[in-house]
Amino acid sequence: MLSAFSAMFSSETMIGNHFPAFENGFTPWDCQDPFSTPNQSPNPVVSSSGSDEPNQNQTNSTSVSDDPNPTVSIIDERKLRRMISNRESARRSRMRKQKHLENLRNQVNRLRVENRELTNRLRFVLYHCERVRTENDRLRSEHSMLRQRLSEIRQILVYRQLQQVTSAWPCNSTVPSEQIPSLIT
């Protein structure tokens, strides 16, 4: 079967090759102009950037002064300058971003330390506030107790003064009125 297939292709040489671009091993879509013969149009050199323009590093048989289109080299030079400028701009942008990120990290660390210090201060203040509240409650209780005792002492004093007054009444004894103690204290 393979021999029949190769015999079919060998018959092309007898009839004539309808696709002359296949003679050199290139397909018609590899050529710049599919309707020209391979001897008329050379294949373009593809640069490392992927464009169809000739590579700047390769030497051409024609010199710059023989170049029929000098604007192409100016355009290539502008593209090269723009590419370098874009790379430099991207590098500066990355540096700014990295510096901003480092500043944010430093700020986060500083704020964490400050937060820890404030938390410790808050705990300290809350602890002392609780101690003051406890002391205040104790003092209020003591104040209430002391007021109660003072009230009791006053009642005892009034009672004693009444006893003295009642025992010194003129009807009970002959005590002069100058010797009667006053109820106002």
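Because the structure is a prediction, the values reported are computed rather than measured.

Rules behind the numbers
- Residues numbered from 1 in each chain as written.
- Predicted model: local features only at pLDDT ≥ 70, side-chain atom pairs only at ≥ 80, totals over all residues.
- Heavy atoms only, no water.
- Helix = DSSP H or I, 4+ residues; strand = E, 2+ residues; numbered from the N terminus.
- Buried < 20%, exposed > 50% of the residue type's maximum accessible area, 1.4 Å probe, protein only.
- Contact = heavy atoms within 4.5 Å.
- pLDDT = per-residue confidence, 0-100.
- Patch = residues over 30% accessible without salt bridge, like charges linked within 9 Å, V, L, I, M, F, W, Y side chains within 5 Å.
- Areas by Shrake-Rupley, 256 points an atom, 1.4 Å probe, with all protein chains shown as cover.
- Salt bridge = Lys/Arg side-chain N within 4 Å of Asp/Glu carboxyl O.

Let's shift gears to the overall build of the protein chain. When you go through the protein chain residue by residue, the secondary structure sums to two helices and zero strands. Burial status across the protein chain gives 5% buried among its 185 residues. Considering only contacts in the protein chain between residues 6 or more positions apart, those separated by 24 or more positions represent 5%.

With that settled, consider the confidence of the model for the protein chain. Considering every residue of the protein chain, the mean pLDDT works out to 74; 53% of them sit at 70 or more. Across residues 10-14, where pLDDT falls below 50, the model places one contact with residues more than four positions away in sequence or in other chains.

There is a patch of nonpolar side chains on the surface, built from Leu 80, Met 83 and Ile 84 and spanning about 260 Å² of accessible area. Tracing the backbone through its elements, the reader meets Leu 80 in helix α2 (residues 70-167). Among the residues examined, Leu 80 registers a relative accessible area of 44% and is labelled partly exposed.

Counted by the stated rule, this structure contains six salt bridges. Glu 102 is the salt-bridge partner of Arg 105, the closest N and O atoms lying 4.0 Å from each other. On the criterion of helical spacing, the pair formed by Arg 105 and Glu 102 is a turn pair, its members being three residues apart in helix α2. Judged by its relative accessible area of 39%, Glu 102 is partly exposed. As a salt-bridge pair, Glu 130 and Arg 133 come within 3.2 Å of each other at their nearest N and O atoms. With Glu 130 and Arg 133 both in helix α2 and three residues apart, the pair spans about one turn of that helix. The exposure class of Glu 130 is partly exposed, given its relative accessible area of 43%. On the basis of relative accessibility, which here comes to 45%, the residue Arg 133 falls in the partly exposed class. One connected set of salt bridges, linked through shared partners, spans Glu 135, Arg 138 and Glu 142.

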